[in-house]
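What the coordinates show
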Amino acid sequence: MSPEALAQLIYDIATALVDTGKAGDLQIEQIPAVEKLAVMRPKDRAHGDWSTNIAMQLAKKAGMAPRDFAALFAAELEKADGIKSVDIAGPGFINIVLDSASAAAIVDTVLEEKSAFGTNTHLSGQTLNLEFVSANPTGPIHIGGTRWAAVGDSMARVLEANGSKIVREYYFNDHGTQIDRFAKSLVAAAHGEETPEDGYKGAYIDDIAARVVEQGKAEGVDVLALPRVTGEDGAEGDSEQREEFRKRAVPMMFDEIKQSMKDFRVNFDVYFHENAVYESGEVDRAIAQLRAQGDIFEKDGATWFESTKYGDDKDRVIIKSDGNAAYIAGDIAYYMNKRHRAQDPADVAIYMLGADHHGYIGRMMAVCAAFGDTPHKNMQILIGQLVNVMKDGEAVKMSKRAGNVITIDDLVDAVGVDAARYSLARTSYNQNLDIDLGLLASHTNDNPVYYVQYAFARSKNVDRNAVAAGISYDGADLSLLDTEVDSELLAELALYPSVVATAGDLREPHRLAHYAEELAGKYHKWYATERVVPMELTGAEAARDNAEAIRIAKNPEPARAAARLKLNDAAGQILANALGLLGVSAPEKM
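These numbers come from a predicted model, not from an experiment.

Reading guide: rules and limits
- Residues numbered from 1 in each chain as written.
- Predicted model: local features only at pLDDT ≥ 70, side-chain atom pairs only at ≥ 80, totals over all residues.
- Heavy atoms only, no water.
- Helix = DSSP H or I, 4+ residues; strand = E, 2+ residues; numbered from the N terminus.
- Expected span 1.5 Å × (residues − 1).
- Buried < 20%, exposed > 50% of the residue type's maximum accessible area, 1.4 Å probe, protein only.
- Pairing = 2+ DSSP bridges.
- Axes fitted to C-alpha atoms, helices over the stretch in contact; angles between N-to-C directions.
- Domains from an automatic or database assignment.
- Contact = heavy atoms within 4.5 Å.
- Buried area = accessible area lost by both parts, 1.4 Å probe.
- UniProt positions renumbered as here; feature names shortened; annotations may be inferred.

1. With respect to helix 1 (residues 3-19)
Residues that lie three or four places apart on an α-helix share one face, since the helix turns once every 3.6 residues. Between the first and last C-alpha of helix 1 there are 24 Å, a value that for 17 residues agrees with the 24 Å anticipated at 1.5 Å per step. Buried within helix 1 we find Pro3, Leu6, Ala7, Ile10, Ile13, Ala14, Thr15, Leu17 and Val18. Trailing helix 1 by a residue or two, Gly21 shows a phi angle of about 75°, which is positive.

Here is the structure:
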């Protein structure tokens, strides 16, 4: 019996107690929904397989003492199939012990549902637009963007497992000063000049500059001979040459970023260009709508959005006094586009932003409210924190290609895609993260991704050994999965669906990594304790007082061996499922 099934049973008992007048003043509408009922794994296994505090939650509403109310639940729970015993502890906790067959029923469910086990539909009917990474096309993806790639794609997978329709979106900031700085840097590099003071550095700038020149030659264009404009301060100005570098280099950088994402197992459904909202007139239409609502005013020659009406800390300039649009103008139009586009309009727009974007939240929630939506519901903004890359206890700061940052390709080259993705997704995105390249490259149990993958590989090795020994599922008796380590592993398997649901609801994919490590730990302990392929006991073992326990562990009868094989495979399946939601492979050999 799973915790979800127990929660449903407890809910049914609560409603029956109300219907029969045994629940005092309690009303049915006061009973929490099934998914809100807490069915927990006791820290002390002596307290049972599962525990609930339902009686303590509802006793005051019923006008009854918690332990007295708990006794009513216990009496009904004891009648249910699959429950061996029920105990009331402390102020009213209800502890439940399942019979071994009921506890082990999860095994057949997992083996039947396979990769679908743990998925649900409770978020179905919603289209979630998940925007992540969204780096400027002015250089390779740095380590912060790489973290968002791992977290964002894992989050998308988890939300899909909960029934949502997900649109993975990458927003290319190809409009504004960053692109101008990029183009100026390329022009300088192509001419062998010093990098502009506000320019971009790194070997990739030289690479792309050279590629632009070569591409131009191949098409009969001498890029370096095109007119240049130099300002009084000597800085590169807007010119035909700079525009040619921009026009050619941005798509090159765009293609590199796409390839890096693909190599990292991240594929986007939509690549949205910032320029699009300006070229399509969406910025003008968004401002016109706000103006019609009375949310726009003119001051000091500029056009302002009166965002303080919607909770922002100050009003925002959207058209500057020089006639150019402020950055927020594009943001306003982009949100409207997400919510009302012709294909897959977003019910929920989730923005995953870097650590320097905290100030962005208030103004964007004001935009959300101004358009009649609910802040933090229709628009959700997640802020990721910084990543420090370490090796041998020292910070790693330099990239061979980018010059002053660690890039996605640097990290993958150092530790591989699996370790990179897992290490970046296993910690809550709103915490600073230190990752150790030496640890992640190691094949030891201290390396968390190796620890989990090794558990799966062990399960496949058990399968190979079972085939060689002629052991199959035939004759399996799951009620014989009755040892302490069997019970611990079975309970961990049963938790998986609730972990998937919670990770989706809270937007916390790192919960899958924590769960996978817990399951791997339980599996490694089980693997070290119990055999699937029988081993004969030594004479000394056969003579010991606990010889029967040793016999059960090392030399199981056929029905028990077959049941253990099924348990082994169920554990392996869930390990693979959890790794899959993190975008990490499950290798059969290591």
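Right, picking up where we left off after that structure.
2. Details of the sheet that holds strand 5 (residues 127-131)
Here we have five strands laid out as an open sheet, ordered 7-6-5-11-12, and parallel in their pairing. Each edge of the sheet is formed by a strand with only one pairing partner; in this case those strands are strand 7 (270-273) and strand 12 (379-383). When the angles between neighbouring strand axes are averaged without regard to direction, this sheet yields 25°. Here strand 11 (residues 348-353) runs beside strand 12; their pairing, made up of five bridges, is parallel. What sits directly across from Leu353, in strand 12, is Ile383.

3. Here's the deal with the sheet that holds strand 1 (residues 39-40)
Across the sheet, four strands lie side by side as 1-2-4-3; this open sheet has antiparallel pairing. Because the sheet does not close on itself, it has two edges, and the strands there are strand 1 and strand 3 (83-89).

4. Considering the domain arrangement of the protein chain
One can read the domain layout of the protein chain as domain 1 (3-98) and domain 2 (448-582). On a C-alpha basis, the centres of domain 1 and domain 2 stand 30 Å from each other. On the domain 2 side, the residues contacting the six residues of domain 1 number eight residues. For the pair domain 1 and domain 2, the summed buried surface comes to about 500 Å²; carbon and sulfur atoms form 58% of the total.

5. Describing the UniProt feature "domain: DALR anticodon binding" (unreviewed entry) in the protein chain
The UniProt feature table records "domain: DALR anticodon binding" (unreviewed entry) at residues 452-590. Within residues 452-590, the helical portion is 70% and the strand portion 0%, while the C-alpha atoms at the span's ends are 11 Å from each other.

6. Quick look at the environment of Asp207
Structurally, Asp207 is set in helix 7 (residues 203-218). A residue is classified by how much of its surface remains accessible, and Asp207, at 36% relative accessible area, is partly exposed. Considering only alpha carbons, one finds Asp207 and Asp108, 99 residues apart in sequence, at a separation of 56 Å.

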